[in-house]
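# Residue-level structural notes
Here's the letter readout for the chains.
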Amino acid sequence: MEVKIDKRYPLDVDPARAWAILGDLKTVAGCMPGAALTEQLSDTSYKGGVKVKVGPAVAQFGGTVDVLEKDEADRKMVLRGKGADKGGSSASMDMNAQIEADPANPQHSVLHGDAAVIVNGKFAQFGGRMMVQVSDMLLEQFVENFRQTAHALPAPAGATPAATTDAATATPLETSATTAAPTQQASAPPAAPPKVAKEINGLAIAWMLIKNWFASLFGKKS
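Structural notes, computed from the coordinates.

Cut-offs used in this document
Going along each chain's sequence as written, the residues are numbered from 1 onward. Confidence filtering applies because this is a predicted model: local features only for residues at pLDDT of at least 70, side-chain atom pairs given and counted only at 80 or more, and all residues used for totals across whole chains, interfaces and linings. Side-chain numbers come from the whole structure's heavy atoms, not from hydrogens or water. Only DSSP runs of H or I with at least four residues qualify as helices, and only runs of E with at least two residues qualify as strands; both kinds are numbered from the N terminus onward. What makes a nonpolar core is a set of buried Ala, Val, Leu, Ile, Met, Phe, Trp, Tyr and Cys residues whose side-chain atoms join them at distances within 4.5 Å. Buried, partly exposed and exposed residues are distinguished by accessible area as a fraction of the type maximum, computed with a 1.4 Å probe on protein chains only: under 20%, between the cut-offs, and over 50%, respectively. Pairs of residues are marked as contacts when any of their non-hydrogen atoms sit within 4.5 Å. In protein, a polar contact requires one atom able to donate a hydrogen and another able to accept it; more generally it is a pair of N or O atoms within 3.5 Å, and residues adjacent in sequence count only if both atoms are side-chain atoms. Definition used for salt bridges: Asp or Glu carboxyl oxygen within 4 Å of a side-chain nitrogen of Lys or Arg. Two rings belonging to Phe, Tyr or Trp (six-membered ring only in the last case) form a pair when the distance between their centres is within 6.5 Å. Interplanar angles under 30 degrees mark stacking, angles over 60 mark edge-to-face geometry, and anything in between is tilted.

### Looking at unusual backbone geometry
Even without being a glycine, Arg75 presents a positive backbone phi close to 55°. By the secondary structure assignment, Arg75 is in the loop between strand 4 (57-71) and strand 5 (76-85).

Written out as structure tokens, the structure is:
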């Protein structure tokens, strides 16, 4: 079974910091709950795995990820991944991921990704529609971790502080409060490290599968 995904996620972080995350495959893997790169096979190939935990049950997928293309100028990565679990299920993925500038706000960016995923084995029985819904939920977790990790990086030199950007749309009172305390902003402590989820939310996935099963069941009866 093949599932195609094409998503665009607005990020409230500048393109430079967003690309610093996307361009580092190890950091990208750290943003995906349950995923980890365990061995570097070459400059462009890695071995890794994904763990999904639902209550006491744990499923472990192992495989490889290859960087087929890395374009610094266009902030683009082309990846190919494949893996399998001990139960005989397997999956492969070809993905294009790119950081695009937000034309409406130079301090923001867009994470654009499109992928073709082929699933074989027991997971294919869920059907394409349900697989897309589960993928959407996992990607939302990934993007939030990605955003937090990018925010934790130092802002690029010459970047406009967020307070200055917001001042253009603030009320006079808000603008006065913002510009009256530059010293306090400069001495603010650095942001705390992002809290990245360590496991895929298997319970949420299971609940989504159950809800969709009941929805299809009653839908057929009606």
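### Examining the nonpolar core
Ranked by internal contacts, the top residues of the largest apolar core, which has 27 residues, are Leu11, Leu22, Ile99, Leu111, Phe142 and Phe146. Among the secondary structure elements, those contributing two or more residues to this core are strand 1 (2-11), helix 1 (15-22), helix 2 (25-31), strand 5, strand 6 (90-101), strand 7 (109-120) and helix 3 (128-151). Top element by residues in this core is helix 3. It accounts for six residues. Not counting chain neighbours up to four residues away, the residues in contact with Leu111 comprise Lys7, Arg8, Tyr9, Leu11, Leu22, Gln98, Ile99, Phe142 and Val143.

### Brief notes about the side chain of Asn105
Tracing the sequence through the fold places Asn105 in the loop between strand 6 and strand 7. A distance of 2.9 Å separates the side chain of Asn105 from the backbone nitrogen of Gln107, its partner in a polar contact.

### Here's the deal with the pattern of salt bridges
Under the counting rule described, the total for this entry stands at eight salt bridges. The salt bridge involving Arg8 is made with Glu100; its shortest N-O contact spans 2.6 Å. Residue Arg8 is located in strand 1, and its partner Glu100 is located in strand 6; the two are separated by 92 residues in the primary sequence. The class for Arg8 is partly exposed, based on a relative accessible area of 48%. Close ionic contact of Asp12 with Arg147 constitutes a salt bridge, the shortest N to O distance being 3.5 Å. Taken as a pair, Asp12 in the loop between strand 1 and helix 1 and Arg147 in helix 3 lie far apart in primary sequence, 135 residues in all. Sharing partners across several salt bridges, the network here consists of Asp12, Glu144 and Arg147.

### Here we look at the packing of aromatic side chains
This structure, assessed with the given rule, holds one aromatic pair. Ring plane angle 55° and centroid distance 5.8 Å describe the contact between Phe142 and Phe146, whose orientation is recorded as tilted. Taken together, the residues Phe142 and Phe146, both in helix 3 and four residues apart, mark about one turn of the helix. By relative accessible area, which is 10% here, Phe142 ends up buried.

### Regarding the side chain of Asp85
Residue position: Asp85 is located in strand 5. Looking at Asp85, the relative accessible area reads 13%, which means it is buried. Within polar-contact distance, the side chain of Asp85 engages the backbone nitrogen of Ser89 at 2.8 Å.

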